[in-house]
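Below are the chains, spelled out letter by letter.
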Amino acid sequence: MGTSGKIYNSAAEALEGLLRDDLTIMAGGFGLCGIPENLIAAVRDSGVKGLTVISNNAGVDGFGLGQLLNTHQIKKMISSYVGENKEFERQYLSGELELEFNPQGTLAERIRAGGAGIPAFYTATGVGTLVAEGKEEKTFDGRRYILETGLVADLSIIKAWKADERGNLIFRKTARNFNPIMATAGKVTVVEVEEIVPTGSIDPDHIHTPGIYVDRIVKGTFEKRIEQRTTRSRSEALAQDNSAQKESV
Amino acid sequence: MVWTRDDLAKRAAKELQDGYYVNLGIGIPTLVANHIPEGMTVTFQSENGMLGMGPFPYDDEVDPDLINAGKQTITELDETSYFSSSDSFAMIRGGHINLTILGAMEVAENGDIANWMIPGKLVKGMGGAMDLVAGVKRVVVVMEHTSKHGESKVLKACELPLTGTGVVSLIITTLGVFEVKPDGSGLRLIELAPDVTLEDIAASTEAAYEVAL
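The residue numbers shown here count from 1 along each chain, following its written sequence. Working convention: letters from A go to chains and numbers from 1 go to ligands, in the order in which they are written. For this predicted model, a pLDDT threshold of at least 70 governs which residues receive local features, and a threshold of 80 or more governs which side-chain atom pairs are given and counted, while totals over whole chains, interfaces and linings are taken from all residues. The basis for every side-chain value is the complete set of non-hydrogen atoms in the structure, without hydrogens or water.

Asks: Any chance you could explain the overall build of chain B here in plain terms?
Replies: A tally of helices and strands in chain B yields five helices and 13 strands. Here the C-alpha atoms of chain B give a radius of gyration of 17 Å, agreeing with the 17 Å that 2.2 N^0.38 yields for 213 residues. Contacts are assigned to residue pairs with any non-hydrogen atoms lying within 4.5 Å of each other. Of all intrachain contacts in chain B linking residues separated by at least 6 positions in sequence, the fraction that spans at least 24 positions is 59%. Calculation of accessible area relied on Shrake-Rupley with a 1.4 Å probe; when residues are assessed, cover is drawn exclusively from the protein chains displayed. Accessible area for chain B stands at about 8,700 Å²; split by element, carbon and sulfur atoms hold 51% of it. For the purposes of this entry, the term helix denotes a DSSP run of H or I that reaches at least four residues, the term strand denotes a run of E that reaches at least two, and both are numbered from the N terminus. Only C-alpha atoms enter the radius of gyration; for comparison, a globular chain is expected to reach 2.2 Å times N to the power 0.38, where N is the number of residues.

Asks: Help me out: how do you make sense of the packing of aromatic side chains in this one?
Replies: Note on aromatic pairs: each is described by the distance of the centres and the angle between the planes. All names here are of chain A. Any Phe, Tyr or Trp ring, taking Trp's six-membered ring, that has another such ring centre within 6.5 Å forms a pair; planes under 30 degrees apart are called stacked, those over 60 apart edge-to-face, and the others tilted. Under the definition given, this model contains four aromatic pairs over all chains. Measuring from centroid to centroid gives 5.2 Å for Tyr-122 and Phe-140, while their planes differ by 65°, and the two rings are edge-to-face. Of this pair, Tyr-122 sits in strand β6 (residues 120-123) while Phe-140 is found in strand β7 (residues 137-140), placing the two residues 18 residues apart along the sequence. Exposed residues in this analysis have more than 50% of their type's maximum accessible area, buried residues have under 20%, and partly exposed residues fall in between, with area computed by a 1.4 Å probe over protein chains only. Owing to a relative accessible area of 28%, Tyr-122 belongs among the partly exposed residues under this scheme. Taking relative accessible area as the criterion, Phe-140 reaches 34% and is therefore assigned partly exposed. The rings of Tyr-122, Phe-140 and Tyr-145 are connected pair by pair, giving a single aromatic cluster. A cation over an aromatic ring shows up here: Lys-162 above the ring of Trp-161, its NZ or CZ 4.5 Å from the ring centre. The criterion for a charge sitting over a ring is simple: Lys NZ or Arg CZ within 6 Å of the ring centre, and within 35 degrees of the ring normal. The ring of Phe-63 carries Arg-225 above its face, with NZ or CZ at 4.2 Å from the centroid.

Asks: Honestly, the pattern of salt bridges in this entry has me stumped. Any pointers?
Replies: Opposite charge on two side chains lets them pair, provided their charged atoms get close. Every case where a carboxyl oxygen of Asp or Glu lies within 4 Å of a side-chain nitrogen of Lys or Arg is listed as a salt bridge. Tallied over the full model, the rule gives 24 salt bridges over all chains. Across the pair Arg-90 of chain A and Glu-87 of chain A runs a salt bridge whose closest N-O atoms are separated by 3.1 Å. Within this pair, Arg-90 of chain A and its partner Glu-87 of chain A are both found in helix α4 (residues 86-93), separated by three residues, close to a single helical turn. The exposure class of Glu-87 of chain A is buried, given its relative accessible area of 15%. We note a salt bridge from Arg-172 of chain A to Asp-63 of chain B, for which the minimum N-O separation is 2.6 Å. Residue Arg-172 of chain A is located in the loop between β10 (169-170) and α6 (179-185), and its partner Asp-63 of chain B is located in the loop between β3 (50-53) and β4 (76-82); the two belong to separate chains. According to the relative accessible area criterion, Arg-172 of chain A is partly exposed, its value standing at 23%. In this structure, a network of salt bridges that share partners links the residues Lys-159, Arg-172, Glu-194 and Lys-224 of chain A together with Asp-63 and Asp-65 of chain B.

Asks: Help me understand the interface of chain A and chain B, please; the structure alone is not making it clear to me.
Replies: Interface extent is often summarised as the accessible area lost during association of the parts. Between chain A and chain B, the contact holds 54 residues from the first and 48 residues from the second. Values labelled buried area give the accessible surface lost by two parts on being combined, using a 1.4 Å probe and summing over both. Summing both sides of the interface, chain A and chain B together bury roughly 4,300 Å²; the carbon and sulfur share of this comes to 58%. For chain A, the biggest contributors to the area lost against chain B are Lys-173, Thr-174 and Arg-232 of chain A; these three give 16% of the whole. The tally of links from chain A across to chain B stands at six salt bridges. For the purposes of these results, a polar contact is taken to be a pair of N or O atoms within 3.5 Å, where, inside protein, one atom must be able to donate a hydrogen and its partner to accept one; residues adjacent in sequence count only when each atom of the pair is a side-chain atom. Between the two partners, chain A and chain B, sit 32 residue pairs in polar contact (both at pLDDT 80 or more). Looking at the side of chain A that touches chain B, the elements that each hand over two or more residues are α4, α5 (104-115), β6, α6 and α7 (234-248) of chain A. Tallying contributions element by element places α5 of chain A first for the side of chain A that touches chain B, with six residues. Tallied by class, the residues present in the side of chain A that touches chain B amount to 20 nonpolar, 20 polar and 14 charged. Nonpolar residues are Ala, Val, Leu, Ile, Met, Phe, Trp, Tyr, Cys and Pro. Charged residues are Asp, Glu, Lys and Arg, and all others, Gly as well, are polar.

Asks: For this particular structure, what's the right way to read unusual backbone geometry?
Replies: Excluding glycine, residues mostly have negative phi values, and the peptide bonds linking residues are mostly trans. The backbone of Lys-224 of chain A sits at a positive phi, close to 50°, despite the residue not being glycine. Summarising the element assignment, Lys-224 of chain A is placed in the loop between β12 (216-219) and α7. The phi angle at Asp-195 of chain B is positive, at roughly 65°, despite the residue not being glycine. Among the secondary structure elements, Asp-195 of chain B is positioned in the loop between β12 (187-192) and α5 (198-204). Under the relative-accessibility criterion, Asp-195 of chain B is labelled exposed at 67%.

Asks: Mind showing me how you'd approach the pairing of β3 of chain B here?
Replies: The side chains of a regular strand alternate between the sheet's two faces. Residues and elements named next belong to chain B. For two strands to pair, DSSP has to find at least two bridges joining them. Inspection of the sheet shows strand β2 (residues 43-46) paired to β3 by two bridges, in the antiparallel sense. When the bridges of β3 are listed, Gln-45 appears paired with Leu-51. Counting the residues that bridge the hairpin from β2 to β3 gives three residues, and of these Gly-49 lies at a positive phi of roughly 120°. Note: β3 against β4, three bridges, orientation antiparallel. The partner of Leu-51 across the bridge, within β4, is Ser-81.

Asks: What's the story with the sheet that holds β7 of chain A in this structure? I'm lost.
Replies: All names here are of chain A. An order of β6-β8-β7 is seen for the three strands of this open sheet, with the pairing classed as antiparallel. A single partner strand is all that each edge strand has here, and the edge strands are β6 and β7. Averaged over all pairs of adjacent strands, the angle between their axes in this sheet comes to 35°, without regard to strand direction. Note that β7 and strand β8 (residues 143-149) share four bridges and pair antiparallel. What sits directly across from Phe-140, in β8, is Arg-143. Only the stretch in contact is used when fitting a helix axis, every axis being a line fitted to C-alpha atoms; angles between N-to-C directions are given from 0 to 180 degrees. On the sheet, α5 packs against β6 and β8 and is oriented at approximately 150° with respect to β6.

Asks: Help me understand a nonpolar patch on the surface, please; the structure alone is not making it clear to me.
Replies: Where nonpolar side chains cluster on the molecular surface, the patch consists of Tyr-92 and Leu-93 of chain A together with Leu-122 of chain B and spans about 260 Å² of accessible area. With respect to the secondary-structure elements, Tyr-92 of chain A resides in helix α4. Given the relative accessible area of 31%, Tyr-92 of chain A is considered partly exposed. Excluding any residue in a salt bridge, patches collect residues exceeding 30% relative accessible area, merging like charges within 9 Å and nonpolar Val, Leu, Ile, Met, Phe, Trp and Tyr side chains within 5 Å.

Now the structure itself:
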């Protein structure tokens, strides 16, 4: 592969030859923050079915992974929280969709472990709960732990802020979330970014994900939908500051 | 007079200590951030990958790449750092967070907590709750003392599926405050809400407790 052999012109091209029915896909993001919008849409357009999708959440109705639910392309989700999606609820309750809940930290660590070649690990999270059912339990230093397995995927689709031509990545603010670990745990990892910069223009000390984990790069266009727009007004903030000053006097 | 949501947050804020790193659950626990004692430095962690959470943004500052674990838009501070979900839960599961304040549907006298699932109703998932109760050094619960039907939520044993076993240190309810004995052998009632009597507590508490006011 040449130096710019990782760059593709569109999300559809970036997924060419990678998609088939019954694939296991990891999709980055927390809520709608830092999701691979363009690649999800391209998976939808490809029409592949029977997918197992590993993602912290399931998008919202009609956006993010919600789009793949509308088209019934997902067979099973592995997630920690799916509360924001009516179509998800309907398909799950009617038995059309399988669901495996993982505690969020267990999900993150399973992905990290998978990417690092660690087949399983012990954790205290979930001991004595439904999550522990059917899992090996072991005591270390008087504390109980359960055995959780590492997770890998046929394909990881992630979102970063910037990539260089070799696939070195920088994420932005809380849009990082599950993206860097999913980059390590996909047999093939495809990233969509806001900007592709020349190799050498990112300080090597500032790279979050080294290019070894990234196979294909595409520059996307982003809606960046907000789930809960919470704001304060400048007059409220001023009033609070004033009363705080009064109290401290 | 039972404690209001804001009273509960104020009481929970007394559990903060200078220099603490704290994770707040969604709902009443979020209000604790409004009651940090004057002169105290407390850093809030958000499990989606941020340490040092700032207030809600002004309208012209809203950034879709900057949200808290409740998916609300927020701001950063001078001391803020960002990290991946696995780093975030390494902080939580590795015991580096000093305190978490969470809501609950039920707690039990041995420190068990149930706050993620009601069988037969739609299950949204546990999110980071199981990791928080298992990993954070001190788990403080703020909750209604009784259900809408007047039934105790402070129980001998939880009936709902558990989030964690023997993990709760302190229970702040609308009627008062209970300590969970570190060996899990029961509760100690250490405070009453204003005008709440021992008889009120006795009438609405299923769990066994010692009175230690």
